[in-house]
Amino acid sequence: MHYNPFKSWSLPFLRHHWGPMTLRSALHYRNFVLTEESLRIHPDYLLALRMWRPIRGDIWVRPFGSDMASLRDVAYDRVYDVVTNKIKTCKSVIDLGGNIGLATRLFATRYPACRILAVEPHPETYKLLEKNVAELVRAGRCRTVRAAVWGRKAKLALASPRFEGNYLEAFVYESLAADVPVVDAVTMT
């Protein structure tokens, strides 16, 4: 049987991923997928990818949880295009539930003069948000806050994350229990 490289899963994979990310990152991501399928990935592993559209620069994602689904939403499905295609300039963005910072990075790329406030309550996700937007913070374009948005200032219980579809869902609620993790609540006023 003759091998046809154009029918290999690698070429369609690379063609698909080379659009939003560099070729080197697409190859790195392909190798990651092969490694992930063999279950040799450590749970704390961060996948570094160099993006060029619609996000520019280096990003880090966790292979487990919802980071890959968020990357798909922002970079491939381009769910924010409905906003960025209509709004041509923007001075300020407030990213509530900033997750790992992909939307923040997208808005920073699309609106080079805007300043962004990114709010995220989950501690591990917040750490990755800080890593993904560190350059924007150093440039004075972004500020991050580890908090939940609520109707009043309070201490809120942070629920254990659970999976809903492909997304890692963390949520907050009011609780008087002393044995639950808490997060500060901030208001929009």
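Residues numbered from 1 in each chain as written. Predicted model: local features only at pLDDT ≥ 70, side-chain atom pairs only at ≥ 80, totals over all residues. Heavy atoms only, no water.

### What to know about the sheet that holds strand β11 (residues 182–186)
Turning to step 1, where the next piece is worked out: Spatial ordering of the open sheet is given by β6-β11-β7-β10, a layout of four strands whose pairing is mixed. Only two strands of the sheet have a single neighbouring strand rather than two, namely β6 (148–149) and β10 (172–173).
Turning to step 2, where the next piece is worked out: Pairing analysis gives four bridges linking strand β7 (residues 154–158) to β11, with the strands arranged antiparallel. Note that in β11 the partner of K155 across the bridge is D184. (Pairing = 2+ DSSP bridges. Helix = DSSP H or I, 4+ residues; strand = E, 2+ residues; numbered from the N terminus.)

### Brief notes about the confidence of the model for the chain
A low pLDDT score tells you not to read the predicted coordinates there in detail.
Turning to step 1, where the next piece is worked out: For the chain, per-residue confidence averages 86 on the pLDDT scale, and residues scoring 70 or more make up 87% of the total.
Turning to step 2, where the next piece is worked out: Contacts for the low-pLDDT stretch residues 3–7, under 50 throughout, to residues beyond four places or in other chains number three contacts. (pLDDT = per-residue confidence, 0-100. Contact = heavy atoms within 4.5 Å.)

### Re the environment of T84
Turning to step 1, where the next piece is worked out: On the secondary structure map, T84 appears in helix α4 (residues 81–84).
Turning to step 2, where the next piece is worked out: Distance in space between the C-alpha atoms of T84 and R110 is 7.2 Å, their sequence separation being 26 residues.
Turning to step 3, where the next piece is worked out: Other than its neighbours up to four places away in sequence, T84 contacts F107, R110 and Y111.

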